[in-house]
Amino acid sequence: MDVAPLLQHTVEEMPLNSSHPKTNLVNTALLYLNCPHLKGGKSPFGIDAAGFTQMVYKINGFRLLRTTAEQATQGEPLSFIEESEPGDLAFFDNTEGSIDHVGIILENNHIIHSYGHVRIDRLDHTGIFSTAQRGYTHQLRVIKKVI
């Protein structure tokens, strides 16, 4: 049952082609810190890696596809991590070579991503290094500039 007509509310869609500074992406991403990981989730009550990046970009007026593999088809690849800027996306693959994780690049070689919960870890040319786990949790595949 659709409750919107009963409540007499309308929903206005935000324009998804507007331009916002990348700093807004980072500030929005930080609002999700410690949000629990939930496969298929797209809310502050539980979110997965692709849902996290999709929602951060959507809140700021940019459209990302839903899955990590789909998002990896968007944007322009960068040759080196040093070319990246805060707000760019980093994609990671599993042992079979399939892209299965994504996060948002921050300043000073850090990344914010949903892994157990939305968290900030170190990022280098190898991948995500977790100081808590004292090792790499994800292998870097490609960095993309979407905006």
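Residues numbered from 1 in each chain as written. Predicted model: local features only at pLDDT ≥ 70, side-chain atom pairs only at ≥ 80, totals over all residues. Heavy atoms only, no water.

Next up on the list: the environment of Gly61. Along the chain, Gly61 turns up in the loop between helix H3 (49–59) and helix H4 (68–71). In the structure, Gly61 is positioned 36 residues away from Leu25 in sequence and 9.8 Å away in space, judged by C-alpha atoms. (Helix = DSSP H or I, 4+ residues; strand = E, 2+ residues; numbered from the N terminus.)

A regular strand places its side chains so that they alternate between the two faces of the sheet. Relative to strand E9 (residues 135–145), strand E3 (residues 76–78) runs antiparallel, the two sharing 3 bridges. What sits directly across from Leu78, in E9, is Ile143. Of the pairings in the sheet, the one linking strand E4 (residues 89–93) to E9 comprises 5 bridges and is antiparallel in character. Its bridge partner lying in E9, Phe92 is registered against Leu140. Judged from the 4 bridges that link them, strand E8 (residues 127–130) and E9 form a sheet pairing that is antiparallel. When the sheet's bridge partners are listed, Phe129 is paired in E9 with Tyr136. The loop that links E8 with its antiparallel partner E9 comprises 4 residues; one of these, Arg134, has a positive phi angle of about 55°. (Pairing = 2+ DSSP bridges.)

Okay, the environment of Asp124 next. By the element assignment, Asp124 lies in the loop between strand E7 (117–123) and E8. Separated by 15 residues in the primary sequence, Asp124 and Gln139 place their C-alpha atoms 9.6 Å from one another. Of the polar contacts made by the side chain of Asp124, one reaches the side chain of Tyr136; its length is 2.5 Å. (Polar contact = N/O pair within 3.5 Å; in protein donor to acceptor, adjacent residues only side chain to side chain.)

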